[in-house]
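Here are the chains, one letter per residue:
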Amino acid sequence: MKRQGPIILAFVVGMLMMIQFFTPNPFFLSLYNTVLDWKQVVLGCTFILGTWSLIRYHLTRIQRKQDNWRYSYVTLAGLGFMVLSAGIWKTTTGPYPWLFSNVQVPMQSTMFSLLAFYVASASYRAFRARTVHATLLLVAGALVMLGRVPIGAYFSGTVFGVEISLVEISDWMLNVPNLAAKRGIMIGVGLGTTATALKIILGIEQTYLGRTD
Amino acid sequence: MTFFERMMSIDRRIIFLFVALAVAIPLLRPLGFPVQVSEEVRSFHKEMAALEEGDIIMLTFDYEGDVMAELDPMAIAVLKDVFPRGVKVVALTTYAGGTGIAENHLREAAEVYGKTYGVDYVFLGYNPDWSGTILRLGESFKKTYPTDQYGKNTNDIPIMQEVETYDDIELICSIAGSALSEYWAIWAGGRYGVKVISGNTAIQAVLIYPYYQAGQIPGFLGGLKGAAEYEKLIDEPGMGIRGMDAQSIAHALMLVFILVGNIGYFFSRRAKREELRKG
Amino acid sequence: MSLTIDPGIWVAALFTLAIFSFLYKDNPVYKFAEHLLVGVSAGYYLVQYFFSAVYKKLYVPVFINGEYWLIVGGILGIMMFARLSRRSEWVSRYPVAFYVAAWAGYVIPSYIQVRILQQVKSTMFNPFAMSIQEALSATVLLVGVITTLLYFYFSAEHKGGLKHVSRIGITFLMIGFGATFGYNVMGRVSLLIGRFQFLMTDWLGIIQ
């Protein structure tokens, strides 16, 4: 019941969703649609559960007075105020969309833009042409960095009588060797994902069920 | 400490300052570098240009605030391209944080071009579960989205009377900050045969080439540069084109950093070796 | 143009600077902004999750449209909350198994079709139906895909012929990773440009 039940459920649902791909039978189609509808509700509830875990984490931090525990009040206040705002003024007017546009979005985008500075610092300190392969990586990176921006159009010349530009080299590199590498990885990932999915349906892969008891 | 060793231990904040200046100065004093249009953006534009008045497209805002600097210009340009031509838009998002962003852009564009909500466009909002949503839309839009983002029953929205499945839309344009455009190509394109084109962050764009070459995504915009190219093609200069000078100078600076860093590294290593040899 | 008086833009600009202050060093202003971001975002998401999963996907279909069988999805969703107690945790395995297996079921045919077969098909080419230049590029592509795949083949030791082939694979991978790095730089710089455009245009009004 505790372990075998979910494994049997996984087998039945997995087989159903796989079989329906190959049959236009209305019964299977109806089951397929129902499973997809249930699946969306389950994930929505999981996200709500995730938010509860975040609340519990901050409450515990306050309770145990862990490092920087006072900031947890800020997190909880922000969360509570957003939920209350949506309840009182709805989601289209009032503080809910205002805080989204003027607090959440600017901070989110700034947080990610910080990485531009750290990428620059890392490029200076760690990006070394130590080996042939590292040099190749560096050259490919440089070709993209120059070839994909307007300044790249200024780099062109004649090699063995053939007019060639950095933009063309960059385009070729992206569309041929880069594509080959990405496709190789994609096919490998595709095979790996398919094998894992099959193992889940057949009950060989059970780690997603958590601890054994 | 030798000169090269000192060079290698420079305070990171000095590097940060250079980056900030490389971005700020070209924004203040534009240099006007010409934007060249790549083949993949031309293909994206070709698909959009083929749309006619009354056609319906699905525009998906698959991103949040973190990458909006790259993707907002694309979403805005798409709306500027299709709304004046009478193309209708069914918009949705697969990110909870994408709702506010989509609402703002749709509302602003609708105001500019005099579009009516529910007739010329609709915003279905967010649904949990990417893959489940994409597949379910293939069977029924109204069952996947029983209401729009504002709680209105989709059975009562005029534009939704014309859309039941993917067969009723011309194409899906996924503006994605993650692998979502790949998922649209896998599940909507692969299973239901609907055409998928995409706008991607630069980081994601490099992974789209295999789909592009295979014809699974027949056109895409890669990063802010892709947005700038598309803005140029539709003759609507926006944030993409305005940012290209700064993008160029910042890239050049990064390359200078890599070059100087390597020179410093090799010379300081050589100096160390010589010291060891001398004992 | 001049400095804005819009309070929303002022708030956004000050929080932008608060996050940028981390570049100097970690400080209380940054920590405050960071924690507020987590709280406000979680609150925003929670409302969207509740509206989409509970109201839109459950309440409307079941109680307004009369699709009663969808209540099972709600029961499965509620079962997820059994994770909150260690004693009842096992109950949540049912919705987890349901979700993961449903995904596994449709991922198999879809991935085989789109990510494997169509990709392999697009790597094949007819050299007689293209120019010499195109045929050369197509050959490089074919060699690249095969050698990259062989690099990840670990069922045999990489020595002899396989060693040389997998080294060619690494070469392609390095070009691919280099391209990823280049695009990564491009993406990060674009995000920074976005913030600077906001500060200089919307807030300070020093550029148009």
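Residues numbered from 1 in each chain as written. Chains lettered and ligands numbered in written order. Predicted model: local features only at pLDDT ≥ 70, side-chain atom pairs only at ≥ 80, totals over all residues. Heavy atoms only, no water.

**With respect to the pairing of strand β3 (residues 121-126) of chain B**
Residues and elements named next belong to chain B.
At step 1: Judged by how many residues are buried, β3 sits mostly within the fold: 6 of 6 residues are covered.
At step 2: Both strand β2 (residues 88-93) and β3 contribute to a ladder of 4 bridges, which runs parallel. Directly across from V89, in β3, lies its bridge partner Y121.
At step 3: With helix α5 (residues 98-113) bridging β2 and its parallel neighbour β3, the resulting β-α-β unit is right-handed. (Buried < 20%, exposed > 50% of the residue type's maximum accessible area, 1.4 Å probe, protein only. Helix = DSSP H or I, 4+ residues; strand = E, 2+ residues; numbered from the N terminus. Pairing = 2+ DSSP bridges. Right-handed = clockwise from strand over helix to strand, strands pointing away.)

**A word on the interface of chain B and chain C**
At step 1: With 64 residues of chain B at the contact, the number on the chain C side is 52 residues.
At step 2: Around 4,700 Å² of area is buried between chain B and chain C when both sides are counted, 62% of it from carbon and sulfur atoms.
At step 3: Inspection of the region where chain B meets chain C yields 2 salt bridges.
At step 4: Between E182 of chain B and R115 of chain C there is a salt bridge, with its nearest N and O atoms 2.7 Å apart.
At step 5: Of the residues in the side of chain B that touches chain C, the class split is 34 nonpolar, 19 polar and 11 charged. (Contact = heavy atoms within 4.5 Å. Buried area = accessible area lost by both parts, 1.4 Å probe. Salt bridge = Lys/Arg side-chain N within 4 Å of Asp/Glu carboxyl O. Nonpolar A, V, L, I, M, F, W, Y, C, P; charged D, E, K, R; others polar.)

**Remarks on helix α6 (residues 166-175) of chain A**
At step 1: All buried positions along α6 of chain A are accounted for by L166, V167, S170, M173 and L174 of chain A. With its buried residues spanning 130° around the axis, α6 of chain A presents them on a single face.
At step 2: For α6 of chain A, the elements touching its buried residues are α5 (132-147), β2 (162-165) and α7 (177-201) of chain A, α10 (209-213) of chain B together with α6 (161-203) of chain C. (Arc of directions from axis to C-beta.)

**Points about the interface of chain C and chain A**
At step 1: On the side of chain A, 107 residues touch chain C, which itself brings 108 residues to the contact.
At step 2: At the boundary of chain C with chain A, total buried surface from both sides reaches about 10,000 Å², with 78% on carbon and sulfur atoms.
At step 3: In this assembly, chain C and chain A are joined by 1 salt bridge.
At step 4: Across the salt bridge formed by D37 of chain A and K57 of chain C, the nearest N and O atoms sit 3.3 Å from each other.

**Topic: the domain arrangement of chain B**
At step 1: Looking at the assigned domains, one finds that chain B contains domain 1 (3-30 + 250-278) and domain 2 (39-237).
At step 2: The centre of domain 1 of chain B, based on its C-alpha atoms, is set 42 Å off from the matching centre of domain 2 of chain B. (Domains from an automatic or database assignment.)

**Concerning the nonpolar core**
Most often, soluble globular proteins keep nonpolar side chains buried together rather than apart.
At step 1: Core analysis: the largest hydrophobic core is formed by 219 residues, its most contacted members being M48, F141, Y166 and W184 of chain B.
At step 2: Each of domain 1 (3-30 + 250-278) and domain 2 (39-237) of chain B contributes no fewer than three residues to this core. (Core = buried A, V, L, I, M, F, W, Y, C linked by side-chain atoms within 4.5 Å.)

**Some words on the pattern of salt bridges**
At step 1: Summed over all chains, the structure comprises 16 salt bridges over all chains.
At step 2: A salt bridge links D171 of chain A to R148 of chain A, with the shortest nitrogen-to-oxygen separation between them at 2.5 Å. With D171 of chain A in helix α6 and R148 of chain A in the loop between α5 and β1 (156-159), this pair connects stretches of sequence that are 23 residues apart.
At step 3: The class of D171 of chain A is partly exposed, set by a relative accessible area of 22%.
At step 4: Note that R85 of chain B is salt-bridged to D81 of chain B, the shortest N-O span being 3.2 Å.
At step 5: A relative accessible area of 10% means that D81 of chain B is categorised as buried.
At step 6: Salt bridges sharing partners connect three or more residues here, namely D37 of chain A, R136 of chain B together with K57 of chain C.

**Things to note about a positive patch on the surface**
At step 1: A contiguous patch of positive charge on the surface is contributed by R130 of chain A together with R269, R273, R277 and K278 of chain B.
At step 2: Within the fold, K278 of chain B resides in helix α12 (residues 239-278). (Patch = residues over 30% accessible without salt bridge, like charges linked within 9 Å, V, L, I, M, F, W, Y side chains within 5 Å. Areas by Shrake-Rupley, 256 points an atom, 1.4 Å probe, with all protein chains shown as cover. Lys, Arg positive; Asp, Glu negative; His and termini not counted. Charge placed at Lys NZ, Arg CZ, Asp CG, Glu CD.)

**Details of the sheet that holds strand β6 (residues 220-222) of chain B**
All names here are of chain B.
At step 1: Spatially, the 6 strands line up as an open sheet ordered β3-β2-β1-β4-β5-β6, and their pairing is parallel. Each edge of the open sheet is held by one strand with a lone partner, namely β3 and β6. Taking the axes of each pair of neighbouring strands and ignoring which way they run, one obtains an average angle of 15° across the sheet.
At step 2: Relative to β2, strand β1 (residues 56-62) runs parallel, the two sharing 5 bridges. Note that in β2 the partner of I56 across the bridge is K88. (Axes fitted to C-alpha atoms, helices over the stretch in contact; angles between N-to-C directions.)

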